[in-house]
Amino acid sequence: MPVVAPLLLSALMFSCGVYGVLARRHGVMLLIAVELMITAANLNLIVFSQLLHNAIGNIVALFIIAVTAAEVGIGIAIVMLLYRQRGTVAVDEMRLMKW
Amino acid sequence: MVSGGIRELAWLIPVLPISAFFIIVFIGKKLPGKGAEIGITFTGAAWVLGLLCFQDAIARHGIVERSLTWIRFGGFSLQLGIRVDGLASMMFVVVGLVSVLMQIYSLGYMKGDVRYTWYYAAVNLFTGSMLVLVIANNILQMLVGWELVGVCSYLLIGHWYEEKENSNAAIKAFITTRFGDLGFEIGVILLFVAARTFNIGQIQTLVAHHAISTTLVTIGALLLFCGAIGKSAQFPLHVWLPDAMAGPTPVSALIHAATMVTAGVYMVARIYGLFSASHIALTVIGIIASITMLLAAVLACVQRDIKRVLAYSTVSQLGYMMAAMSVGAATAGVFHLWTHAFFKALLFLGSGSVIHAVHTNDMFEMGGLRKYMPITYVTFLIGSLALAGVPPFAGFWSKDEIVGAAWSSGNHLVFVAGIITAFLTAFYMGRCLTLTFAGRYRRMPVAGGAEADEHEDGDHHLPHESPPSMTWPLIILAALSVVGGLVGTPIHNIFKDWIVIPGAEHGVVVAVMVASIIIAIGGLLIGYAMYVRAPYGFGVIDPLSKLGPFYRAAVNKFYIDDFYLKVIVRPVQYGLSKFVYNVLDQEVIDGAVNLVAAGTVQLGKAVRETDERGVDGVVNGFAWITDKTSYLLRKLQSGNVQGYAAGLFVGVVILAAVLFLRGGI
Amino acid sequence: MALPTIAFWMLAAFTAVTAIFTVTTRNVVHSALGLSAALIGAAALFILFGAQFVGLAQILIYVGAVVILFMFGIMLTGTSIRPVVDNDQRVMAALVAVAVFIVLAAGILTSFGGRKVRFDVAFPTVAIGHALFTTWVLPFEAVSILLLAALVGAIVLARRD
């Protein structure tokens with residue numbers, strides 16, 4: 001099948017993730033959207049691995065999965081900390097860097 | 001033209017008194033004599049130098065003329081020069097002597113005066129100016145001296161200017177002579193245009209050679225004579241001289257007897273070649289002189305103020321001198337100037353002595369002073385006899401020569417006027433003498449002293465003789481009044497050898513001489529008789545008042561002053577001056593100034609507007625832009641992380657698009 | 001059409017729909033569920049493309065652990081933010097997402113326009129294991145340390161004190 005199909009799918013998933021990162025207010029939802037983006041990248045790797053008959057894609061994807069797991073753990077810890085400190089998870093209310 | 005000798009130094013003669021002026025002005029107050037010693041010594045030195053010049057001029061005839069160039073322009077040059085002949089030297093002697101004597105006299109008379117030092121300074125400036133006039137070799141320099149003596153006369157007449165009356169008199173003197181000076185100035189210019197020179201000698205030479213047209217000669221002579229009318233108080237510009245008596249008496253003696261008023265006569269004598277060449281000019285001079293003589297003599301008869309008598313007498317005698325000029329007897333006129341200087345100065349100083357003693361000028365409040373002031377009396381008597389023309393005193397010889405010349409030249413107007421005036425002169429001097437010195441003193445203090453007049457030291461009120469500083473000059477002048485005329489007696493007239501005036505004639509008529517003597521003595525006796533029994537007390541009525549309306553008119557000076565006031569002074573004062581002030585000055589000139597000011601204010605406002613709106617606007621605009629821009633930019637720092645992320649993605653997209661469009665990754 | 005192709009299109013549709021659902025739903029829990037569905041779809045696609053181990057690892061780790069972690073997070077921090085879940089810049093975010101998609105699509109289409117992929121190779125787990133412990137042992141160890149660090153860090157961050 002044409003390789004552009006899965007690639008476009010991954011592009012679509014990535015775009016959804018971008019939207020979610022930019023448009024969501026809930027901290028956890030932000031992390032969910034980031035997961036989507038990472039998964040899209042993983043899909044790209046697997047497809048290319050199949051296309052080029054090279055196992056590197058798989059291995060890198062594996063590592064990405066591991067790293068993502070670590071990142072999610074930290075991310076949730078941060079969101080919980082924020083919730084504890086500020087009483088809210090709405091990220092657009094975290095404006096310490098505002099002028 | 002001769003050269004050498006003492007006359008080369010004659011330029012010092014005017015310079016000395018003028019230097020005295022400056023010295024007195026700057027350091028006079030600090031000197032022990034308050035400047036008087038400077039004045040007397042310097043003027044004295046000038047007089048001595050003048051005597052030496054006179055002696056040299058007599059010994060060696062001829063003229064010493066020297067000049068130096070003052071300004072050069074175009075083809076002309078203006079000269080400062082001296083022309084020392086017998087005439088000028090004589091004037092040195094007269095001016096110097098009278099000035100020194102009156103300065104010595106003033107030591108006593110002006111003692112304690114509020115402006116003592118300035119008085120001496122002004123007197124010396126005057127003396128120097130008169131000498132500048134006398135010594136001048138060109139009519140322009142003469143004009144300079146002419147104007148300067150006018151200014152000094154103003155200063156000295158108005159010496160006690162705290163009284164409005166005195167400053168008015170000074171202004172009147174100045175303005176009246178100004179009218180004459182206008183003619184003089186035009187005459188100077190006219191002669192310059194006609195003769196291409198200001199030099200007196202050259203002008204006279206040109207006239208003698210008929211190089212200037214007769215018309216111009218006449219007009220020039222008449223214009224110059226205008227100045228003489230003013231300065232020498234001839235009719236119709238005589239009105240200032242009586243009022244000038246408001247000044248201190250020594251000033252009257254100097255200026256209004258011997259010097260300034262004689263400047264007109266001197267000028268005519270100096271340039272006699274010009275005048276004698278114009279028959280019309282001489283005729284006009286004769287008419288005016290005759291009117292002056294008579295008018296002044298009449299007015300002198302009705303005065304109560306002793307100084308006014310002398311003032312009108314001076315005007316009348318000046319008329320005599322001018323009349324002499326008009327009949328060709330220029331030397332006689334100058335001779336009369338010479339003698340008149342002595343006895344008139346004597347009379348004025350004597351009157352000053354009297355006034356000093358009795359503190360009033362009104363003769364009707366005097367009387368019997370011969371007992372109390374013998375020296376003053378005797379000298380005054382001598383002066384009066386001289387003025388009246390009694391031989392052997394000075395005035396007889398000079399006056400007689402004039403009347404004789406009038407008879408000889410066939411000028412009947414001048415002759416008749418001269419005779420009548422001689423009578424009136426004798427009459428009013430008799431009147432004056434009698435009222436002042438004869439009879440009894442009319443203000444004898446009553447015991448208990450209610451109406452006795454005040455003396456500074458609270459003394460009782462009988463008058464007493466004046467101090468020696470005042471009586472010595474009187475004595476000296478009296479002596480000169482006795483012998484001064486002897487140089488011009490018909491028996492041996494050496495005066496005419498001294499004073500050489502081209503165009504002058506000489507001669508004597510015995511019959512006239514005899515007639516003069518009779519008239520003089522007769523006039524004196526009549527005057528005595530009318531007034532010796534004048535009652536005393538207040539409200540004395542002058543016997544002359546029996547003449548009714550004529551007397552009243554004479555007392556009012558024949559309404560000449562009123563005429564001038566109504567016709568000339570008031571229209572200028574209220575009409576022209578008001579117009580110039582209100583319209584020209586206030587509206588036109590001030591309006592222009594205000595317009596400029598308003599314009600400047602408007603300009604200033606416009607500049608301010610430009611500054612505020614324009615410049616400030618630009619500056620504010622920049623600030624406004626910065627403000628708005630920064631406001632927008634500030635929004636970028638929202639603190640909103642998702643915003644930053646959006647920016648990030650946008651940037652990536654743009655980068656990718658650019659790379660992609662440029663041709664593949 | 002071959003079986004893999006059909007399977008692919010079905011799975012692709014499923015994944016796409018759930019992905020869109022994930023980022024547009026108002027409920028956080030629904031969003032997390034949607035995520036897990038999308039991840040399962042992705043895992044299936046991995047297996048379809050011959051990456052068996054990766055696909056299974058995906059399900060184990062992602063769906064099994066990460067999503068649970070999300071659930072915990074949601075539970076501990078409040079399930080919803082009433083009334084608005086999306087922030088103010090959602091319009092611009094949509095536009096940016098679309099722009100990103102367009103750029104990516106353009107790049108993909110121009111670069112890989114005519115190529116075809118065949119489902120012929122499978123990557124056996126043995127081979128991956130072998131590679132992991134020989135060629136890739138260093139990154140492997142590094143990742144394990146990373147996981148340890150993340151573990152410690154998460155505990156430090158989240159503890160109450």
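Throughout what follows, the structure given in this document is the object of discussion. One numbering rule holds for all chains: residues counted from 1, following each sequence as written. For this description, chains carry letters from A and ligands carry numbers from 1, given in the order in which they are written. Confidence filtering applies because this is a predicted model: local features only for residues at pLDDT of at least 70, side-chain atom pairs given and counted only at 80 or more, and all residues used for totals across whole chains, interfaces and linings.

## Concerning the overall build of chain C
When helices and strands are counted, chain C shows 6 helices and 0 strands. Counting from the N terminus, the helices are DSSP H or I runs at least four residues long and the strands are E runs at least two residues long. Ordering the α and β elements of chain C from the N terminus gives α-α-α-α-α-α. Considering only contacts in chain C between residues 6 or more positions apart, those separated by 24 or more positions represent 60%. Placing C-beta atoms from the backbone, we regard two residues as in contact once those atoms come within 7 Å.

## What about the nonpolar core?
If you look at the biggest cluster of nonpolar residues, it comprises 201 residues, and the most contacted ones within it are Val98, Val134, Ile135, Ala323, Ala324 and Ala345 of chain B. When residues of this core are assigned to their parent elements, the largest contribution, 17 residues, is made by helix α15 (residues 330-358) of chain B. Segmentation into domains, and thus their bounds, comes from an automatic or database assignment. Of the domains in this structure, domain 1 (1-136) and domain 2 (138-446 + 462-555) of chain B are the two that each give at least three residues to this core. If near-sequence neighbours (up to four positions away) are discounted, Ala324 of chain B is found in contact with Ala329, Ala330, Ala332, Gly333, His336, Ile402 and Ala405 of chain B. Of all hydrophobic cores here, the second largest spans 79 residues; its members include Ala23, Val28 and Leu45 of chain A together with Val100 of chain C. To count as a nonpolar core, a set of buried Ala, Val, Leu, Ile, Met, Phe, Trp, Tyr and Cys residues must be joined through C-beta atoms within 7 Å. Residue burial is a threshold on neighbouring C-beta atoms within 10 Å of the residue's own C-beta, all placed from the backbone, with 20 or more meaning buried, 12 or fewer meaning exposed, and counts in between meaning partly exposed.

## Thoughts on the interface of chain A and chain C
Counting residues at the interface gives 61 residues for chain A, matched by 75 residues for chain C. Counting residues per element, the ones that place at least two in the side of chain A that touches chain C are α1 (4-23), α2 (27-52) and α3 (56-86) of chain A. Here the side of chain A that touches chain C takes 20 residues from α3 of chain A, the largest share from any one element. Gly counts as polar in this scheme, as do all residues outside two lists: the nonpolar Ala, Val, Leu, Ile, Met, Phe, Trp, Tyr, Cys and Pro, and the charged Asp, Glu, Lys and Arg. Looking at the side of chain A that touches chain C residue by residue, the classes come out as 48 nonpolar, 9 polar and 4 charged.

## With respect to the packing of helix α5 (residues 139-157) of chain B against helix α6 (residues 164-195) of chain B
All names here are of chain B. Here the axes come from fitting lines to C-alpha atoms, over the contacting stretch only for helices, and the angles between their N-to-C directions go from 0 to 180 degrees. Remark: α5 packs on α6, axes separated minimally by 9 Å, with the N-to-C direction vectors making an angle of 175°. Comparing the axis directions of α5 and α6 gives the class roughly antiparallel. Residue-level contacts link Ile139, Leu140, Leu143, Trp146, Glu147, Gly150, Ser153, Tyr154 and Ile157 of α5 to Ala169, Ala170, Ala173, Phe174, Thr177, Asp181, Phe184, Glu185, Val188 and Leu191 of α6. Residues that form the contact of α5 with α6 fall into these classes: 13 nonpolar, 3 polar and 3 charged. Any angle that is under 35 degrees is reported as roughly parallel, and any over 145 degrees as roughly antiparallel; angles of 65 to 115 degrees are reported as roughly perpendicular and all others as oblique.

## Brief notes about the interface of chain B and chain A
Counting residues at the interface gives 10 residues for chain B and 10 residues for chain A. No other element matches helix α25 (residues 641-663) of chain B, which puts 5 residues into the side of chain B that touches chain A.

## A few points about unusual backbone geometry
Residue and element names in this part refer to chain B. With an omega dihedral of 0°, the bond running from Phe235 to Pro236 counts as a cis peptide bond. Residue placement: Pro236 occurs in the loop between α8 (214-231) and α9 (240-243). Within the chain, His210 stands out as a residue other than glycine whose phi angle is a positive 55°. Note that His210 resides in the loop between α7 (200-208) and α8. Given 10 C-beta atoms within a 10 Å radius, His210 is considered exposed. For Ala233, which is not glycine, the phi dihedral falls at a positive 55°. Relative to the helices and strands, Ala233 is located in the loop between α8 and α9.

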